[in-house]
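Structural overview
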Amino acid sequence: MRNFAQFMKQAQKMQEQVTKAQESVTQIQATGESGAGLVSITVNGKGVMKHIAIDASLLKPDEGEILEDLILAAYNDAFAKAEEAANKEMEKAGAGLNLPDGMHLPF
């Protein structure tokens, strides 16, 4: 019975840490760039776009396809950076919980 109480206490601690980490993830901001900085996009840790900046030199009628490619590349760059930062935040939440090998947060 004592082991069960200990398990429940550890589960509650884990839940609190996961909740805190998830809240921290939404505060993460990562900026990706493409075209040598002509397009930049900022996203939060969940991949939601928060800001986009496009150099005026790309705002020409014949530059549409290039601009689309640059926006996509900048978003993917920002998303990858945000995902990496979010994963690090979630790893911190699981630190010290003695999870079995191969078990990572979030489940």
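Data block above holds the structure.
Below, the structure is looked at part by part. (Residues numbered from 1 in each chain as written. Predicted model: local features only at pLDDT ≥ 70, side-chain atom pairs only at ≥ 80, totals over all residues. Heavy atoms only, no water.)

Thoughts on the overall build of the protein
Note the cut-off: Secondary structure elements follow DSSP: runs of H or I no shorter than four residues count as helices, runs of E no shorter than two count as strands, and numbering proceeds from the N terminus. Classification of residues uses two cut-offs on accessible area relative to the type maximum, computed with a 1.4 Å probe and protein chains only: under 20% is buried, over 50% is exposed, and between them is partly exposed. All accessible areas in this document rest on Shrake-Rupley with a 1.4 Å probe, and a residue is counted as covered only by the protein chains that are shown.
When its secondary structure is counted, the protein shows 2 helices and 3 strands. Starting at the N terminus, the α and β elements of the protein follow one another as α-β-β-β-α. In the protein, buried positions account for 27% of the 107 residues. About 7,500 Å² of surface is accessible on the protein, with carbon and sulfur atoms providing 53% of the total.

Quick notes on the environment of N44
Put simply, the rule reads: What makes two residues a contact is simply this: any of their non-hydrogen atoms within 4.5 Å.
Turning to its location among the elements, N44 is positioned in strand 2 (residues 39-44). Those residues in contact with N44 that lie beyond four places of it in its chain are T26, I28, Q29, K50 and A82.

What to know about the packing of aromatic side chains
Stated precisely, the cut-off is as follows: Pairing of aromatic side chains here covers Phe, Tyr and the six-membered ring of Trp, requires ring centres within 6.5 Å, and sorts the geometry by plane angle: under 30 degrees stacked, over 60 edge-to-face, intermediate tilted.
A complete count under the given rule lists 1 aromatic pair for this structure. Between the aromatic rings of Y75 and F79, the centroid separation amounts to 6.0 Å while the plane-to-plane angle is 25 degrees, which identifies the pairing as stacked. Within this pair, Y75 and its partner F79 are both found in helix 2 (residues 64-94), separated by 4 residues, close to a single helical turn. Looking at Y75, the relative accessible area reads 22%, which means it is partly exposed. We classify F79 as partly exposed; its relative accessible area is 30%.

Focus: the sheet that holds strand 3 (residues 49-54)
Heads up, the condition is: Whether two strands pair comes down to DSSP finding at least two bridges between them. Angles shown run from 0 to 180 degrees and are taken between the N-to-C directions of axes, each axis being a line fitted to C-alpha atoms and, for helices, limited to the stretch in contact.
The strand order across the open sheet formed by 3 strands is 1-2-3, and the pairing between neighbours is antiparallel. Sheet topology places strand 1 (29-34) and strand 3 at the edges, where each strand pairs with a single neighbour. Across this sheet, the average inter-strand angle for adjacent strands is 15 degrees, counted without regard to direction. Pairing of strand 2 with strand 3 involves 5 bridges; the strand directions are antiparallel. Following the sheet pairing, V39 is matched in strand 3 by I54.

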